[in-house]
Amino acid sequence: MSKLRLGLIGVGGIMNGAHIPGYLTCDDCEIVAICDINPETLKKVGEKLNIPEENRFLHHEDMMKSGLVDVVDIATPDNMHCPIATDAVKYDLPFSVEKPMGMTYKEVKKVCDAAAEKNLPGHVCFSWHYFPYIRMMREKLATGMLGKIYHIYVRCIRNSGMWEGRRLEWRFDEKQSASGVMGDLSSHMFSIANFLGHEFVSVSADAGIFVKERQALDSDEILPVTTWDWCNVLAKMDNDVNATFQISRTCEHIDNWVQIEVYGEKGRMEYVNRHGETLEVQTNKGEVIQLIPDASYKAVQSHKFINLVKNQNLDGTEATLVDAYKSQAALDAAYRSVKEGRWVTIAEVEKDV
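The sections below set out a description of the structure shown in this document. Fair warning: this is a prediction, and the values are worked out from it, not measured in the lab.

**A word on the overall build of the chain**
Along the backbone of the chain there are ten helices and 17 strands. A globule of 353 residues ought to have a C-alpha radius of gyration of about 20 Å, and the chain, at 20 Å, matches this closely. Taken along its principal axes, the extent of the C-alpha atoms in the chain is 65 × 50 × 40 Å. Within the chain, buried positions represent 53% of all 353 residues. Once local pairs closer than 6 in sequence are excluded, the contacts in the chain between residues at least 24 apart make up 69%. Of the roughly 16100 Å² of accessible surface on the chain, a fraction of 49% belongs to carbon and sulfur atoms. Where the 39 positive side-chain charges of the chain centre and where its 51 negative ones centre are 2 Å apart.

Laid out in structure tokens, this is it:
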């Protein structure tokens, strides 16, 4: 099969930082068209990628029906993920979409079902699926290194909500990003729990806003923040595993701290990503083992999407639409738990579709 012609939709920070570099090193695709609602961004990225002006679009549907592209990558604000993915399905275009895939489980499941009916490949950008240390952690747990699992503790702490001068962008607006940090960061962490082999059964959550006002993007007006800055989530998982998630973007002096601890009948495993990455196992016999992944654990998110479309070099770790709606179900349950002040089951969320 020849190179896939790729169209990029939403060519802002995440597309340029996390998606495009991977595509540029992939021999099986070529970026041929871009789309963004901001003309200045469109021009800047178009010139950077040498995309001709006629292949730069202000509206995604114009790109999709142009005949220029075989697949699309969607990296817009959250509220546009599912509407654009729905159009991709309509035009029979395999798609990759940033996390969280949507604003609600209902809309995500609708898109996933529509894609499945057409046997159309879909990918969601749960980038932690492709971190070598996390891939190694998954493998070691799957082969029984800790035996039966009892507890999972996940911490994802950042200071991104405290950056000086950060304005009221879409992440702080509930109309564009329903649950704020819960969708932005918890979606990743929930997906990691699934990736490590465990399904959500029910959750109890709390969340809040520390930075309650920010300056508007295009004026001096000070406006209220309507999305959460932090959340704590307790989860009952399958096989009697319990999990705790601590998520915040308002911790000063911490650029990025992700810590995952798993406790089982044979010992403890801990992944830490702060000043570099480490993966350590402590056995019940007191032995401490440092695990370091070799090159075989390496994976590139953009390459994995293209492989998924081409149905080649697949290993079962690809973040598919199944992963999208599993994570979204947990998000919806956590969101409802905060609003209603009670434990919410995944079955309740699924039943409402």
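**Structural notes on the packing of helix H7 (residues 181-195) against helix H9 (residues 321-340)**
For any two helices packed against each other, one specifies the crossing angle of their axes together with the interaxial distance. With their axes 9 Å apart at the nearest point, H7 and H9 run at an angle of 125° to one another. The angle between H7 and H9 falls in the class oblique. Relative to H9, H7 is oriented so that their crossing is right-handed. Where H7 approaches H9, its residues Met 182, Gly 183, Ser 186, Ser 187, Phe 190, Ser 191 and Asn 194 are matched on the opposing element by Lys 326, Ser 327, Ala 330, Leu 331, Ala 334, Tyr 335 and Val 338. In terms of residue class, the contact of H7 with H9 is made up of seven nonpolar, six polar and one charged.

**Some words on unusual backbone geometry**
When glycine is set aside, most residues are seen to have a negative phi, and most peptide bonds are trans. With an omega dihedral of -20°, the bond running from Lys 99 to Pro 100 counts as a cis peptide bond. Relative to the helices and strands, Pro 100 is located in the loop between strand S5 (95-97) and helix H5 (105-117). Although it is not a glycine, Asp 92 sits at a positive phi angle of roughly 60°. Even without being glycine, His 253 reaches a positive phi, approximately 75°. The topology assignment puts His 253 in the loop between strand S12 (242-248) and strand S13 (257-264). Taking the relative accessible area as the measure of exposure, His 253 reaches 73% and is therefore exposed.

**Considerations on the packing of aromatic side chains**
Under the defined criterion, the tally for this structure stands at ten aromatic pairs. Judged by centre distance (5.0 Å) and plane angle (85°), the rings of Phe 190 and Phe 245 are edge-to-face. Here Phe 245 lies in strand S12 and Phe 190 lies in helix H7, a separation of 55 residues in the sequence. Aromatic pair Phe 200 and Phe 245: ring centres 5.8 Å apart, planes at 25°, arrangement stacked. Taken as a pair, Phe 200 in strand S8 (residues 200-208) and Phe 245 in strand S12 lie far apart in primary sequence, 45 residues in all.

**So, the pattern of salt bridges**
Enumeration according to the criterion identifies 21 salt bridges in this entry. A salt bridge links Arg 171 to Asp 184; its shortest N-O distance comes to 3.8 Å. Residue Arg 171 is located in the loop between strand S7 (149-157) and H7, and its partner Asp 184 is located in helix H7; the two are separated by 13 residues in the primary sequence. Here Arg 171 falls in the partly exposed class, since its relative accessible area comes to 23%. By relative accessible area, Asp 184 is classed as buried at 18%. The partner of Arg 342 in a salt bridge is Glu 340, and the shortest N-O contact between them spans 2.7 Å. Residue class for Glu 340 comes out partly exposed when judged on its relative accessible area of 43%.

**What about the packing of helix H1 (residues 13-24) against helix H2 (residues 39-49)?**
In the contact formed by H1 and H2, the axes pass within 13 Å of each other and the chain directions differ by 25°. Between H1 and H2, the angle falls in the class roughly parallel. The handedness of the crossing between H1 and H2 is right-handed. Seen from H1, the contacting residues are Asn 16, Ile 20 and Leu 24; seen from H2, they are Val 45, Lys 48 and Leu 49. The residue inventory of the contact of H1 with H2, partitioned by class, reads four nonpolar, one polar and one charged.

**Quick notes on the sheet that holds strand S11 (residues 230-237)**
The nine strands lie next to each other as S16-S15-S14-S13-S7-S12-S11-S8-S17, forming an open sheet whose pairing is mixed. At either margin of the open sheet sits one strand with a lone partner, and together these are strand S16 (288-290) and strand S17 (344-345). As judged from the eight bridges shared by S8 and S11, these two strands associate in the antiparallel manner. Looking at S11, one finds that Phe 200 is bridged to Met 237. Strand contacts of H7: S7, S8, S11, S12 and S13, with the helix running at about 150° to S12, the strand carrying the most contacts. On top of the sheet, H9 reaches S8, S11 and S17; it is set at about 50° to S8, its chief contact.

So, how was this worked out
Residues numbered from 1 in each chain as written. Predicted model: local features only at pLDDT ≥ 70, side-chain atom pairs only at ≥ 80, totals over all residues. Heavy atoms only, no water. Helix = DSSP H or I, 4+ residues; strand = E, 2+ residues; numbered from the N terminus. Rg over C-alpha atoms; globule rule 2.2 N^0.38 Å. Buried < 20%, exposed > 50% of the residue type's maximum accessible area, 1.4 Å probe, protein only. Contact = heavy atoms within 4.5 Å. Areas by Shrake-Rupley, 256 points an atom, 1.4 Å probe, with all protein chains shown as cover. Lys, Arg positive; Asp, Glu negative; His and termini not counted. Charge placed at Lys NZ, Arg CZ, Asp CG, Glu CD. Axes fitted to C-alpha atoms, helices over the stretch in contact; angles between N-to-C directions. Parallel < 35°, antiparallel > 145°, perpendicular 65-115°, else oblique. Left-handed = near helix turned anticlockwise from the far one by under 90°. Nonpolar A, V, L, I, M, F, W, Y, C, P; charged D, E, K, R; others polar. Phe/Tyr/Trp six-rings, centres within 6.5 Å; stacked < 30°, edge-to-face > 60°. Salt bridge = Lys/Arg side-chain N within 4 Å of Asp/Glu carboxyl O. Pairing = 2+ DSSP bridges.

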